[in-house]
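Each chain, letter by letter, is given below.
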Amino acid sequence: MGTMSSTCLAILVLFGLYSSAFAQLKMGFYSQSCPTAEKIVLDYVNEHVPHAPTLAATFIRMHFHDCFVRGCDGSVLLNRTSSNNPVEKEAPPNLTLQGFDFIDRVKALLEAECPQTVSCADVVAMVARDAVAITGGPSWKVPTGRRDGFVSNQAEALDQIPAPSDNFTELRTSFANKGLNVKDLVLLSGAHTIGITHCNEFSTRLYNFTGKGDQDPSLDSEYATNLKNKKCKTITDNTTLVEMDPGSFRTFDLSYFKNLVKRRGLFTSDAALITDSTSLSHVTELVNGNLSKFFKEFAKSMEKMGKVGVKVGTAGEIRKQCAIVNS
């Protein structure tokens, strides 16, 4: 009896360890259940993103915004239904998010090949990685096995997604709440080396920084004058597009960090990265380093972010359509 009990206990312990190990993200998660999954995603990205390279910035932002609210669970993809409250898509930080139709098309291809097998959360993670890589940026490991969440809440997105107007303390707190440190904050902010934004995201820095019709003194005056004369001619302009990394916004490079030390970070949250000694030391190290090191370090932080609050095992579900939960 005692021997049997010990054996049973050993089996239970082993099973527990196995279950725990199994219920984690892992490379090649779909190698048995949908062997062509990652190729389907990559092929679609390779076919369409080179014709619209700004999509790389779109998808890395979508992945970031998804992971910062309820973890990387595809909650940012959900549409409002008649029975629920406003969703993440409707929060101000997400009103300019694009690419949802692209994700839906990738998901439809996966559903045709392997019904209800590949999660929407994994699709976002893979598309972000592949879109950045195909446009000459870094690649990173994307272990899969995320499952999709059931809940999407506008208020949570507004509260938890870092804002362009955040100062360093607010940024550090937002990242720490997701298990990310100051180095991750600096590296992930480096994604601003690609992409565009609208004037209204930073125009108070140009026209009304303290509410007295003044300009942010931390912003390089020549850069500010150029923005006011050629781009954001009024504080109410919410349609004009501005490159986040002037001159190389299509290229994943170190110029974003070089602009920071010249006081030419576009957002308050960019400028904040040189107001803290620890953060500044990371920025300086990147500026003085080489591109391959940035790519390697950026990849590590992306892999870390992609694991924030994931649902695995039996949590969540595998949505049939990314915009709605299964009925």
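This structure is a prediction, so every number in the text was calculated from the model and none was measured.

A. Representation of the packing of aromatic side chains in the model. According to the stated counting rule, one finds 14 aromatic pairs in the structure shown. Both rings, one in Phe-29 and one in Tyr-30, keep their centres 5.1 Å apart while their planes meet at 90°; by these two values the pair is edge-to-face. Aromatic side chains Phe-252 and Phe-294 sit 5.8 Å apart centroid to centroid with 25° between the ring planes, which places their arrangement in the stacked category. Of this pair, Phe-252 sits in the loop between strand E2 (241-243) and helix H11 (255-261) while Phe-294 sits in helix H14 (residues 291-305); the two residues are 42 residues apart in sequence, bridging distant segments of the chain. Classification of Phe-252 by relative accessible area gives buried; the value is 3%. Following the ring pairs from residue to residue traces out a cluster consisting of Trp-140, Phe-252, Tyr-256, Phe-257, Phe-294, Phe-295 and Phe-298. Sitting over the ring of Phe-100, Lys-89 keeps its end group 4.4 Å from the ring centre. One cation-aromatic arrangement involves Lys-228 over Tyr-207; the distance from NZ or CZ to the ring centre is 5.6 Å.

B. Geometry of helix H2 (residues 37-48). Counted at 1.5 Å a residue, the expected span for H2 with its twelve residues is 16 Å, and the 17 Å between its end C-alpha atoms agrees. All buried positions along H2 are accounted for by Ala-37, Ile-40, Val-41, Tyr-44 and Val-45. Looking straight down H2, one finds its buried side chains confined to an arc of 125°; they lie on one side. Looking at the buried side of H2, the elements it contacts are helix H4 (100-113) and helix H5 (120-134).

C. H4, seen in detail. Across its 14 residues, H4 extends 20 Å between first and last C-alpha, which sits within 8% of the 20 Å expected from 1.5 Å per residue. Of the residues making up H4, those classed as buried are Phe-100, Phe-102, Ile-103, Val-106, Lys-107, Leu-110 and Glu-111. Of the surrounding elements, those touching the buried residues of H4 are H2, helix H3 (55-67) and H5.

Cut-off values and rules
- Residues numbered from 1 in each chain as written.
- Predicted model: local features only at pLDDT ≥ 70, side-chain atom pairs only at ≥ 80, totals over all residues.
- Heavy atoms only, no water.
- Phe/Tyr/Trp six-rings, centres within 6.5 Å; stacked < 30°, edge-to-face > 60°.
- Helix = DSSP H or I, 4+ residues; strand = E, 2+ residues; numbered from the N terminus.
- Buried < 20%, exposed > 50% of the residue type's maximum accessible area, 1.4 Å probe, protein only.
- Lys NZ or Arg CZ within 6 Å of the ring centre and 35° of its normal.
- Expected span 1.5 Å × (residues − 1).
- Arc of directions from axis to C-beta.
- Contact = heavy atoms within 4.5 Å.

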